[in-house]
Amino acid sequence: MLRITNIKVDIDHSIDDIKKEMKNILKEHEIKNFKITGKAIDARNKNNIKYVYTIDFESDEKVYNNIEKYKNVSIIEEYIYPQQVINEYVGNRPVVIGTGPAGMLSALILAQANLRPIVIERGKAVDERVNDVYTFFKTGKLDEESNVQYGEGGAGTFSDGKLTTNTHNIRIKKVVDELIEAGADESISYISKPHLGTDELVKIVENIRKKVINLGGEYRFKNKFVGYREENKKLKKLKILNLENNEEYELETDYAILAIGHSARDTFEMLNDNNIDLSKKVFSIGVRIEHKQDMINKAQYGKFYDKLPPAEYKLNVRTSNGRGAYTFCMCPGGVVVPSSSEKNRLVVNGMSYSKRDLENANSAVLVNVTPDDLGEGNLSGMYFQRELEEKAYIMGGSNYKAPVQMVKDFINNVESVKIGNVKPSYSIGYKLCNLNELFPSFVSETLREAFPKLDDKIRGFAGNDAIITGIESRTSSPIRINRDDKYNSSIKGLIPCGEGAGYAGGIMSAAVDGIRCAEAVINLILEEE
């Protein structure tokens, strides 16, 4: 195939307009098998916003033989994932613990390798889980084993479903191909900032599960990993608690992919008690900020604000204390959602549906927490998160209502007494307060200085109507489960994986790490045969 990049066309354009721009470069040469493989918006000049395309196509022999003559044209080879298959495997079936993006893709690769994985998930299947999550959203009644953090699909199921990543791993194409086969729109393979939306993710997650089962895999929901047995530092058995009958059983296996997610705090405590090699890592805490989506559209697109998809942003600033603040997981046309997984602890996150058509935009605004900010112990970051979540719960009224403040009042360090035109979207309710009192001084000072700087980048970001909700504390894992060059933890065969283990930061990077870990298991099996 040939690839042509940087094809710019007006906002109101057709496929013929794209082909016309290609013809200007290719002259009289033929364009065959036209396929869009990249689509982005160039809004740097708000008076002349353009769509920018990348197109894969075929042409006649002369173009291939004289490729250097054609601007922005190159020859490419299509990537096909090199799936390994192990025939007649007679060992113990590998186990995947957790069904977030990392666990799902690990299970799928193992199933495609003919290894019939057993998938363990402490939460419920996604269709049951949805009911529990929305019950919490409406009533504040929390199920500690089935919520935004726990259950099939992981925390990303109740988010914007962003597929953007800073990694450029070739396995990304495998992830995208599997998502499309499971029901995602084909546009995720080429738009510059793809997302799925919570409503779409539910069916996609279920279809991936069905594929794993059809390939010989097995799912065990409401089954919780609570321990293991090893011999000579090699995994032999997993201890599993069936949450339906509260009975514990053992599962023989030589390989278990530990894709537990960053909220499985009881599991981290168990691993630490068993002297698994853990370490502290950088993570972030902060708030969710909300604006009218219409305001963000106008700020980003100018006069074209009503002709383009809901606008996004990604911002970062440095502050005088040497730290910085940045936005994360921006959800256009979305809501701030209750995301607690432990009783009497309050957590918020952002979520968008596939159409992104609700009134508010929201995003996390975060400050990094480093190991130097924490006390002693591998789990000190986790306990730091817990302490702040307990404080946020009390500030909100001890009933899962969220503490909320106007940004202008936060900057002035005074309690809010009323809100403006932006109504908090957090469904359980809210209580006006001073969120400066929630955070340690290094966080609140950084945020107070950062908001005006962010306003310099998007006018109105710290405006009179902007509101913030706390606390956003589960952006990434505060812990890393260390692994060697073959992906083993300090117990051979116990493979730490994904965001919870400290090796990813979002849906796509977690899914890619899941593939890597499955490949590691396959390679370990092949070494032993």
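Residues numbered from 1 in each chain as written. Predicted model: local features only at pLDDT ≥ 70, side-chain atom pairs only at ≥ 80, totals over all residues. Heavy atoms only, no water.

Concerning the overall build of the protein chain
Across its full length, the protein chain holds twelve helices and 23 strands. Here the protein chain has a C-alpha radius of gyration of 24 Å; the compact-globule value for 529 residues is 24 Å, and the two agree. On the principal axes, the C-alpha backbone points of the protein chain span a range of 70 × 70 × 40 Å. Taken over 529 residues, the protein chain has a buried fraction of 57%. Pairs at least 24 apart in sequence give 72% of the contacts found in the protein chain among residues at least 6 apart. Of the accessible surface of the protein chain, which amounts to about 22200 Å², a share of 44% is contributed by carbon and sulfur atoms. (Helix = DSSP H or I, 4+ residues; strand = E, 2+ residues; numbered from the N terminus. Rg over C-alpha atoms; globule rule 2.2 N^0.38 Å. Buried < 20%, exposed > 50% of the residue type's maximum accessible area, 1.4 Å probe, protein only. Contact = heavy atoms within 4.5 Å. Areas by Shrake-Rupley, 256 points an atom, 1.4 Å probe, with all protein chains shown as cover.)

Let's talk about the nonpolar core
The biggest cluster of nonpolar side chains holds 70 residues, and the ones touching the most others in it are Met22, Ile289, Leu447, Phe451 and Phe461. Ranked by residue count, the leading element in this core is helix α11 (residues 441-457), at six residues. Structurally, this core is a two-domain feature, drawing no fewer than three residues from each of domain 1 (2-75) and domain 3 (282-472). In contact with Phe461, not counting residues within four places along its chain, are Ile289, His291, Met295, Tyr313, Leu315, Thr327, Val365, Phe451, Leu454, Asp455 and Ala466. (Core = buried A, V, L, I, M, F, W, Y, C linked by side-chain atoms within 4.5 Å. Domains from an automatic or database assignment.)

Regarding the domain arrangement of the protein chain
Parsing the protein chain into structural domains produces domain 1 (2-75), domain 2 (95-279 + 484-528) and domain 3 (282-472). Contacts between domain 2 and domain 3 engage 29 residues on the former and 32 residues on the latter. Approximately 2700 Å² of surface area, both sides summed, lies buried where domain 2 meets domain 3, with 50% of it carried by carbon and sulfur atoms. Taken as a group, Phe137, Leu142 and Arg265 account for 25% of the area that domain 2 buries against domain 3, more than any other trio of residues on that side. (Buried area = accessible area lost by both parts, 1.4 Å probe.)

Looking at α11
With 17 residues, α11 ought to run about 24 Å at 1.5 Å a step, and its terminal C-alpha atoms sit 25 Å apart, in line with that. The largest bend along α11 measures about 30° and falls at Ala450, with the proline Pro452 one to four residues further on. Along α11, the residues that are buried comprise Phe442, Val443, Ser444, Thr446, Leu447, Ala450, Phe451, Leu454 and Asp455. (Expected span 1.5 Å × (residues − 1). Bend = angle between axes of the 7 residues up to and from the residue.)

Focus on helix α1 (residues 15-26)
Taking 1.5 Å of rise per residue, twelve residues should cover 16 Å, and α1 covers 16 Å from first to last C-alpha, within 8% of that figure. Just past α1, the residue Lys27 takes up positive phi, approximately 60°.

Some words on the packing of helix α7 (residues 265-273) against helix α9 (residues 380-395)
Where α7 contacts α9, the axes come no closer than 11 Å and their chain directions differ by 150°. The two elements α7 and α9 cross, and the hand of that crossing is left-handed. Between α7 and α9, the contacting residues are Arg265, Phe268 and Glu269 on the first element and Met382, Tyr383, Gln385, Arg386 and Glu389 on the second. When its residues are assigned to classes, the contact of α7 with α9 shows three nonpolar, one polar and four charged. (Axes fitted to C-alpha atoms, helices over the stretch in contact; angles between N-to-C directions. Left-handed = near helix turned anticlockwise from the far one by under 90°. Nonpolar A, V, L, I, M, F, W, Y, C, P; charged D, E, K, R; others polar.)

A word on the sheet that holds strand β21 (residues 467-472)
Across the sheet, seven strands lie side by side as β14-β15-β18-β13-β21-β19-β20; this open sheet has mixed pairing. At either margin of the open sheet sits one strand with a lone partner, and together these are β14 (316-318) and β20 (430-432). Direction aside, neighbouring strands of the sheet carry axes that sit 30° apart on average. Of the strand pairs in this sheet, strand β13 (residues 283-292) and strand β18 (residues 360-369) are connected by ten bridges, and their pairing is antiparallel. Within β18, the residue paired with His291 across the bridge is Ala361. Across the sheet, α9 is in contact with β13, β18, β19 (402-406), β20 and β21; its angle to β13 comes to roughly 35°. Across the sheet, α11 touches β13, β14, β15 (324-331), β18 and β21, and the angle it forms with β18 is around 135°. (Pairing = 2+ DSSP bridges.)

Considering the packing of aromatic side chains
For the structure shown, the criterion picks out nine aromatic pairs. Taken together, Tyr134, Phe137 and Phe158 form an aromatic cluster joined through their ring pairs. Above the plane of the ring of Tyr150 lies Arg122, whose end atom (NZ or CZ) is 4.1 Å from the centre. (Phe/Tyr/Trp six-rings, centres within 6.5 Å; stacked < 30°, edge-to-face > 60°. Lys NZ or Arg CZ within 6 Å of the ring centre and 35° of its normal.)

A look at unusual backbone geometry
Residue Ile471 follows Gly470 across a cis peptide bond; omega there is 5°. Assignment of secondary structure puts Ile471 in strand β21. A positive phi angle is found at Ser398, which is not glycine, with a value near 60°.

Observations regarding the packing of helix α3 (residues 101-112) against helix α5 (residues 172-181)
Where α3 contacts α5, the axes come no closer than 12 Å and their chain directions differ by 90°. The orientation of α3 relative to α5 falls into the category roughly perpendicular. Within the contact between the two elements, α3 uses Leu105, Leu108, Ile109 and Gln112 and α5 uses Lys174, Val175 and Glu178. In the contact of α3 with α5, the residues fall into four nonpolar, one polar and two charged. (Parallel < 35°, antiparallel > 145°, perpendicular 65-115°, else oblique.)

Regarding the pattern of salt bridges
Evaluation of the coordinates by the stated rule reveals 41 salt bridges. When the shortest N-O distance is used, the salt bridge between Glu200 and Lys203 registers 3.0 Å. Of this pair, Glu200 and Lys203 both sit in helix α6 (residues 198-214), three residues apart, roughly one helical turn. On the accessibility criterion, Glu200 (24% relative accessible area) is partly exposed. The partly exposed category is assigned to Lys203, whose relative accessible area is 38%. Residue Asp513 pairs with Arg516 through a salt bridge whose shortest N-O separation is 3.5 Å. With a gap of three residues between them, Asp513 and Arg516 both fall in helix α12 (residues 507-528), about one helical turn apart. The exposure class of Asp513 is buried, given its relative accessible area of 0%. If you follow the salt bridges from partner to partner, you end up with Arg265, Glu269, Glu342, Arg345, Arg386, Glu389, Glu390 and Arg474 in one network. (Salt bridge = Lys/Arg side-chain N within 4 Å of Asp/Glu carboxyl O.)

Considerations on the side chain of Asn362
The residue Asn362 is located in strand β18 in this model. Within the structure, Asn362 has its side chain in polar contact with the backbone oxygen of Val335 (distance 3.2 Å). Leave out the neighbours within four places in its chain, and Asn362 touches Arg288, Ile289, Glu290, Tyr313, Cys329, Met330, Cys331, Gly334, Val335, Val336, Gly350 and Met351. (Polar contact = N/O pair within 3.5 Å; in protein donor to acceptor, adjacent residues only side chain to side chain.)

Remarks on the pairing of strand β17 (residues 348-351)
Neither face of β17 is left uncovered, since the one carrying Val348 and Gly350 and the one carrying Asn349 and Met351 both have all their residues buried. Bridging between strand β16 (residues 335-338) and β17 involves four bridges; their strand directions are antiparallel. Paired with Pro338 across the bridge in β17 is Val348.

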